[in-house]
2 protein chains.
Amino acid sequence: MSNPLSLSLGPRVRKSPFFEAARKAGLSAASVYNHMYMPTSYGDPAAEYDRLINGVAMWDVAVERQVALKGPDALALARYLTPRNLDGLTIGQGKYAPICNYEGALINDPVLLQVSDDEIWLSIADSDIKLWAGAIAGARGMDVRVFEPDVSPLAVQGPKSFDVVADLCGDWVRELRYFGFRAFDLGDIPVVVARSGWSKQGGFEFYLRDGSKGDALWQRVADAGKPYGIGPGTPNYVERVESGLISYGADTDDMSNPFEYGLGKFMDVDQPGDFAGKEALRAIRDAGVTRRFMGLVIEGAPFAGTNEAPWRLSDAKGGDAGYASASAYSPRAQSNIAVAMVSVAAMEAGAGVTVHADNGNLRAQVVPLPIV
Amino acid sequence: MSNPLSLSLGPRVRKSPFFEAARKAGLSAASVYNHMYMPTSYGDPAAEYDRLINGVAMWDVAVERQVALKGPDALALARYLTPRNLDGLTIGQGKYAPICNYEGALINDPVLLQVSDDEIWLSIADSDIKLWAGAIAGARGMDVRVFEPDVSPLAVQGPKSFDVVADLCGDWVRELRYFGFRAFDLGDIPVVVARSGWSKQGGFEFYLRDGSKGDALWQRVADAGKPYGIGPGTPNYVERVESGLISYGADTDDMSNPFEYGLGKFMDVDQPGDFAGKEALRAIRDAGVTRRFMGLVIEGAPFAGTNEAPWRLSDAKGGDAGYASASAYSPRAQSNIAVAMVSVAAMEAGAGVTVHADNGNLRAQVVPLPIV
């Protein structure tokens, strides 16, 4: 392979409020997500994985930007943006709320949080939902402002995160339901504490509500976590593949629809109200899907890294069977694994698939998610 | 400062069709733009600058993605998307067409190209205009498809670019007006040849229309450019500051409006047809602006690099005077320079501004753009 590339730092891409603290903690690699630097490694992948699975890790996930809908039509706009039925939405309980375009293709999969009577946040993946939501609000003449508030999540993830966050905030955090949240002041640091995070190891996110206090929040969490062996980490590539978490943009393409990802349970395409993509999604629901988001267990010597681009899949006859979007060696599965879009026809044939990896063709079994 | 960061390569961010060729040519640093790796350095900034100013350089600018509007309502949608008057638009002649949201804030500043009777491309800066345009088309029930076609620009820039591109395509390219373009087959490589590019040194862009032919196009251009000393380059940080080119996302914020950037001449806010932001932009036009995009000539020892975040400006009394978005040492001006949003009040006071740079406060004169 070629030499590694440096990441250019300049004024176009934004820095997280935790960026300087993360660099002091040894940040070694990053990417860009929602026009902001996204930490991806502190140089010791094995330790970072171990902290997440067995201990506790803190992640700068400020890239998980919020899109605020504020005003009399905030709820009406939110209802129009997602096929999920928002009946019964309450302040304090978030919902996973995929967003589709008018063709029924996924364009983001945020968590939706109602933070006050007239304000809703979408905690988004990597696409400009501020533009999508602002265009719809404007074109439909709705009385709602769409903007990005000064809110930046810091995640605390792993089995010991409950102790760390309870020490910081009180034992009430142990009672939060999944996606439950509450506004809280950590000393003079205003946050929303949410039971959430992009792992299946349990954890919380502090939504920092004052970008000038990034260093202070980082330090508070690092200090509280010290007795539990907290250390820095990032959304974990290996764990997310094991857990089958969807990475919008990596696992999806321009035609991806929510039914392919097993998100049918969140799609109320028969609800009375209108929403973007309703007609298309009803047609997709009726027709059924031709591919599904699945796991792969792949033969061969342990992968050293990850794929830099999707790997093509073929079926027993050499025909197209989809693509593997993200692959890794899993310490827990003790095997190479991947998440993949697999054609239903190939799965029905039942003979596994061939993965066209960078260094050759490998046989793989198709398995349900999560893999571990 | 901290250690440099590596750029993580993974499946979420897309590779340009020219990515492997660029790496073979010695690419050393990159960022991310429109969800795609954007080359930023081949490791020799002085040589890259010199090629652009005095010779010819080739740039992988596939990150300049196209948003296609295709169908019976393509032109109607384009007219609704930009405050620019599109009367007289013709196939073969592009127009700079800023896009604003319903509050009149800039959300992108693409070049618009009508490529056939029912298809228009927006050659965009770094924001998801596909979402903005798709939302408006859907919410207004327009008969037009919005999508990203398989089109990736490769720029050839610098005074000798005319000879290189004429050798490749014929002398007709010398007659193209600025933003003029024509479909062309370079052997079996389908391209659109446009007189355009993000520099003021003259040049062209090959809009590659088949992503599988990136290596082939790169090689054709490198071979044709050999007699003229062509070499690899990237959108040039120093030259763009000298020339005062707008970098959407770096120079703009959530409230930036086109009048602040001297784009009033492109804003036909009194045209009969409706467009997004019309009411807001008329009000902004009537009220006048409170800040302007200007040049700065800054005292002090030559800057070694660039600012990683905007630098605050203050006026003679210490009050807020705006921000410098991008700074550099200019070999041609033989001075430190910057582009900046400067408050009109500070300019009217006439005493210059103070730049709050990373290493201290520096006095600066406010000058018109371009600086060089």
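Bear in mind that the values here come from a model prediction, so they are computed numbers and not experimental data.

(A) Inspection of the overall build of chain A at higher detail. What chain A contains, in helices and strands, is nine helices and 22 strands. The globule rule puts the C-alpha radius of gyration for 372 residues at 21 Å, and the 21 Å found for chain A is close to it. C-alpha extents for chain A along the principal axes are approximately 65 × 50 × 40 Å. Out of the 372 residues belonging to chain A, those deemed buried represent 55%. In chain A, once contacts between residues fewer than 6 apart in sequence are set aside, the share between residues at least 24 apart is 68%.

(B) Looking closely at the domain arrangement of chain A. Looking at the assigned domains, one finds that chain A contains domain 1 (19–61 + 151–236), domain 2 (66–147) and domain 3 (241–367). Computed over C-alpha atoms, the centres of domain 1 of chain A and domain 3 of chain A are 29 Å apart.

(C) The arrangement of the relation of the copies chain A and chain B in detail. When chain A is brought onto chain B, the operation consists of a screw motion whose angular component is 180° and whose axial shift is 0.0 Å, with 0.0 Å RMSD remaining. What the superposition gives is, in effect, a two-fold axis relating one chain to the other. The overlap is high: 100% of the interface residues of chain A also sit at the interface in chain B, so the same surface is used on both sides.

(D) Geometry of the sheet that holds strand 16 (residues 231–233) of chain B. All names here are of chain B. Here we have six strands laid out as an open sheet, ordered 13-14-15-12-4-16, and mixed in their pairing. At either end of the open sheet lies a strand with only one pairing partner, and these are strand 13 (181–186) and strand 16. Averaged over all neighbouring strand pairs, the angle between strand axes comes to 30°, with direction disregarded. With three bridges connecting them, strand 4 (residues 57–60) and strand 16 associate as parallel partners. Residue pairing across strands places M58 opposite P232, the latter belonging to strand 16. Sitting on the sheet, helix 5 (residues 161–169) touches strand 12 (152–157), strand 13, strand 14 (189–194) and strand 15 (203–208), and the angle it makes with strand 12 is about 125°. Taken strand by strand, helix 6 (residues 214–225) contacts strand 4, strand 12, strand 13, strand 14 and strand 15, and its axis lies near 10° from that of strand 12.

(E) Quick peek at the pairing of strand 17 (residues 291–298) of chain B. Residue and element names in this part refer to chain B. Within strand 17, six of the eight residues are buried, which leaves the element mostly enclosed by the surrounding structure. Across eight bridges, the pairing between strand 17 and strand 20 (residues 335–343) is antiparallel. For I298, the partnering residue across the bridge sits in strand 20 and is N336. For strand 17 and strand 22 (residues 360–367), the ladder comprises four bridges, and the chain directions are antiparallel. Its bridge partner lying in strand 22, V297 is registered against Q365.

(F) Seen up close, helix 2 (residues 45–54) of chain A. The set of residues buried in helix 2 of chain A consists of E48(A), Y49(A), R51(A), L52(A) and I53(A). Elements that come into contact with the buried residues of helix 2 of chain A comprise strand 4 (57–60), strand 12 (152–157), strand 16 (231–233) and helix 7 (237–243) of chain A.

(G) The interface of chain A and chain B, seen in detail. If you look at the interface, chain A gives 49 residues, while chain B gives 49 residues. Tallying contributions element by element places helix 4 (residues 129–139) of chain A first for the side of chain A that touches chain B, with seven residues. Its residues assigned to classes, the side of chain A that touches chain B comprises 23 nonpolar, 18 polar and eight charged. With two bridges connecting them, strand 1 (residues 6–7) of chain A and strand 2 (residues 29–33) of chain B associate as parallel partners. For L7(A), the partnering residue across the bridge sits in strand 2 of chain B and is A30(B).

(H) Main features of the environment of R23(A). Mapped onto the elements, R23(A) comes out in helix 1 (residues 19–24). Between the C-alpha atoms of R23(A) and P39(A), which are 16 residues apart in sequence, the distance is 9.2 Å.

(I) Seen up close, the packing of helix 5 of chain B against helix 6 of chain B. All names here are of chain B. At their nearest, the axes of helix 5 and helix 6 sit 9 Å apart, and the two run at 115° to each other. By crossing handedness, the relation of helix 5 to helix 6 is classed as right-handed. Packed against helix 5, whose contacting residues are V164, D167 and L168, the element helix 6 presents R220, A224 and G225 at the interface. Looking at the contact of helix 5 with helix 6, its residues break down into three nonpolar, one polar and two charged.

(J) Geometry of the sheet that holds strand 21 (residues 353–357) of chain B. Spatially, the six strands close up into a barrel ordered 17-20-19-18-21-22 (chain B), and their pairing is antiparallel. Pairwise comparison of adjacent strand axes, ignoring direction, gives a mean angle of 40° for this sheet.

(K) Quick peek at unusual backbone geometry. All names here are of chain A. Here the bond from L369 into P370 is cis, since omega is -5°, no more than 30 degrees from zero. Here P370 shows up in the segment after strand 22 (360–367). Phi angles above zero are rare outside glycine, and H35 is one such case at about 60°. Following the sequence through the fold, H35 ends up in the loop between strand 2 (29–33) and strand 3 (36–41).

(L) The pairing of strand 21 (residues 353–357) of chain A, seen in detail. All names here are of chain A. In this sheet, strand 21 lies alongside strand 18 (residues 311–314) in antiparallel orientation, the contact comprising three bridges. Counterpart to L313 in the pairing with strand 21 is V355. In the sheet, strand 21 pairs with strand 22 via five bridges, with the strands oriented antiparallel. Paired with T354 across the bridge in strand 22 is R363. Where strand 21 folds back on strand 22, the antiparallel hairpin that results is connected by two residues.

So, how was this worked out
- Residue numbers here run from 1 along each chain, matching the order of that chain's written sequence.
- Each chain gets a letter, beginning with A, and each ligand a number, beginning with 1, in the order they are written.
- A pLDDT threshold of at least 70 governs which residues receive local features in this predicted model, and a stricter bar of 80 or more applies before side-chain atom pairs are shown or counted, although totals over entire chains, interfaces and linings include all residues.
- Secondary structure elements are taken from DSSP: a helix is a run of H or I of four residues or more, a strand is a run of E of two residues or more, and numbering for both begins at the N terminus.
- Only C-alpha atoms enter the radius of gyration; for comparison, a globular chain is expected to reach 2.2 Å times N to the power 0.38, where N is the number of residues.
- We call a residue exposed when 12 or fewer other C-beta atoms sit within 10 Å of its C-beta, buried when the count reaches 20 or more, and partly exposed for counts in between; the C-beta positions come from the backbone.
- Whether two residues are in contact depends on their C-beta atoms, placed from the backbone: they are in contact if these lie within 7 Å.
- Each domain's extent was defined by an automatic or database domain assignment.
- The superposition of copies rests on a least-squares fit of C-alpha positions from residues with pLDDT of 70 or more in both.
- Two strands form a pair only when DSSP identifies at least two bridges running between them.
- Between the N-to-C directions of two axes lies an angle of 0 to 180 degrees, each axis being a line fitted to C-alpha atoms and, for a helix, fitted only over the stretch in contact.
- Note that Gly is not counted as nonpolar here; it falls among the polar residues with everything else outside the nonpolar set of Ala, Val, Leu, Ile, Met, Phe, Trp, Tyr, Cys and Pro and the charged set of Asp, Glu, Lys and Arg.
- Note: crossing handedness is left-handed where the near helix turns anticlockwise from the far helix by less than a right angle, and right-handed where it turns clockwise.

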